[in-house]
Every structure is written in structure tokens, then in C-alpha cells.
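# Residue-level structural notes
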Amino acid sequence: MNTIKRKQILTRLRDNNPHPETELNFSSPFELLVAVTLSAQATDVSVNKATDKLFPVANTPEAIYALGVDGLKNYIRTIGLYNSKAENVIKACKMLIELHNSEVPQDRDALVALPGVGRKTANVVLNTAFGWPTIAVDTHIFRVSNRTKLAMGKNVDDVEKKLLKVVPAEFKVDVHHWLILHGRYTCIARKPRCGSCLIEDLCEFKEKTSY
């Protein structure tokens, strides 16, 4: 995989989807933070079903904190790991109120300090809510990056560092969304849909399928 081929891959992904967006429903940085926190080991669809009921009732740190852990659980119990997620969201709301004037901080260290927020979640919030050129690497992006040879690494941190190094600046803000959508719908885990892939001829995966 060389620089020219990488740019061709990213150009095609951009041409196919010039303005990619997350599939999580949100209308503020705080709603996004909550949604991404809830999405760990859960599907965006399941999170949206829960937050579509939660956010009309409570969509600020104060309002969700007022629900309490048990009150929040009533809205998110259909999501995996909802017990620990409810506790983390309530604790995070308390910290946002007390330390950040109820605003989501535009600072990775401050975000990671919130309960339930790791580097990936922080990167998603910084990128999607604030337009930072960060790249959050999840299982989809890890798979696509390694399988195509776009940016290879033994773990998500390695892949993130490699992507930040090799992805040209013009693509950095949106590459997270392109790769996650590509991994979710085309370059799927068990059997990639190479036959319908718009970058098949540029991808360096050796065991291509006709599907």
C-alpha cells in the first residue's frame, strides 16, 4: 500500500459519501457523549431506540443527573451493560456540572477523565461534535485498515497512530465515518462483500470474495 493508492481509496470513499455522518441520533455535544458512551458493545440502532425516549425527557447533565441511576436505567435497560453504563453516565454528569459548567469539554484529557469515557469515545466526540481531525478506531475501522492494508497495526492504538500518519489532512475529519460505514456494510467481518466494494481493485486483501 503506497501513498498514491491510499489517496485513491480515500478519494473514492469521499466521492461516494461527501458528507458522512454518525448513525447515532444526537442534537448536542452532550447528547453525543451520552450516546457514544452507551454504544460500547452495543449497536447504534439499540442506542437510538433508547435515547429517542430518553433525550426528549432529559438531555442535559442536570436533567439526567436528576433521574438518578435507577431512573436512567429505566430508559436504557434494553442496551447491553446498562447497569454499569447508567452509573458511569450519572457520575459523568456530576463531573460535567461541577467541573465544566455543564459543558462537554473540547479537551481529550478532560473527556477521558469522565467515567465510562475512553480514548475512542473522546475521539468520536472531538471529531463529530467539534470537527477535530481525530480518528476513533473501533473494531470496524481496525478490521478495514488491516484488511485493506490502508493502515496496519496490532491493536487499535497502533492503527490510530498509523492512520493519523498516512491519511492526508484533507481526509482526516471524515475518514473515521467512511471507514466505520465501510466496515459495517461492505467490508464486514465474516465475509467481506468484495464484489460490491467500490475500492476492491485498490484493496490489498488477498482472499477476495465474489459476493
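Before reading on, note that the structure itself is shown above.
Thresholds applied
- Residues numbered from 1 in each chain as written.
- Predicted model: local features only at pLDDT ≥ 70, side-chain atom pairs only at ≥ 80, totals over all residues.
- Heavy atoms only, no water.
- Helix = DSSP H or I, 4+ residues; strand = E, 2+ residues; numbered from the N terminus.
- Buried < 20%, exposed > 50% of the residue type's maximum accessible area, 1.4 Å probe, protein only.
- Areas by Shrake-Rupley, 256 points an atom, 1.4 Å probe, with all protein chains shown as cover.
- Salt bridge = Lys/Arg side-chain N within 4 Å of Asp/Glu carboxyl O.
- Expected span 1.5 Å × (residues − 1).
- Arc of directions from axis to C-beta.
- Polar contact = N/O pair within 3.5 Å; in protein donor to acceptor, adjacent residues only side chain to side chain.
- Axes fitted to C-alpha atoms, helices over the stretch in contact; angles between N-to-C directions.
- Left-handed = near helix turned anticlockwise from the far one by under 90°.
- Contact = heavy atoms within 4.5 Å.
- Nonpolar A, V, L, I, M, F, W, Y, C, P; charged D, E, K, R; others polar.

### A word on the overall build of the protein chain
- A tally of regular secondary structure across the protein chain gives 11 helices and zero strands.
- When the helices and strands of the protein chain are placed in sequence order, the string is α-α-α-α-α-α-α-α-α-α-α.
- For the protein chain, the spread of C-alpha atoms along the three principal axes comes to 55 × 30 × 30 Å.
- For the protein chain, the residues scored as buried account for 47% of the 211 residues in total.
- Entry remark: accessible area of the protein chain is about 10,700 Å², with carbon and sulfur atoms responsible for 51%.

### Notes on the pattern of salt bridges
- Within the structure shown, the criterion is met by eight salt bridges.
- With its nearest N and O atoms 3.1 Å apart, the salt bridge here joins Lys-5 to Glu-204. Taken together, the residues Lys-5 in helix 1 (residues 3–16) and Glu-204 in the segment after helix 11 (175–185) connect sequence positions 199 residues apart.
- With relative accessibility at 26%, the residue Glu-204 sits in the partly exposed group.

### Focus on helix 1
- Under the 1.5 Å per step criterion, the end-to-end length of helix 1 is 20 Å for 14 residues, consistent within 8% with the ideal 20 Å.
- Within the span of helix 1, buried status applies to Arg-6, Ile-9, Leu-10 and Leu-13. Each buried residue of helix 1 sits inside an arc of 90° when the element is viewed along its axis, so together they form one side. With respect to the buried face of helix 1, the exposed residues turned more than 90 degrees away are Ile-4 and Asp-15.
- Two or three places before Ile-4, at the opening of helix 1, Asn-2 has a side-chain oxygen 3.2 Å from that residue's backbone nitrogen.

### Some words on the packing of helix 8 (residues 139–148) against helix 9 (residues 156–166)
- Two numbers describe how helix 8 lies on helix 9: the axes approach to 10 Å, and their chain directions differ by 65°. For helix 8 against helix 9, the interelement crossing comes out left-handed. Note on element contacts: helix 9 touches helix 8 through Val-156, Val-159 and Leu-163, opposite Ile-141, Phe-142, Ser-145 and Asn-146.
- A class-by-class count of the residues in the contact of helix 8 with helix 9 yields five nonpolar, two polar and no charged.

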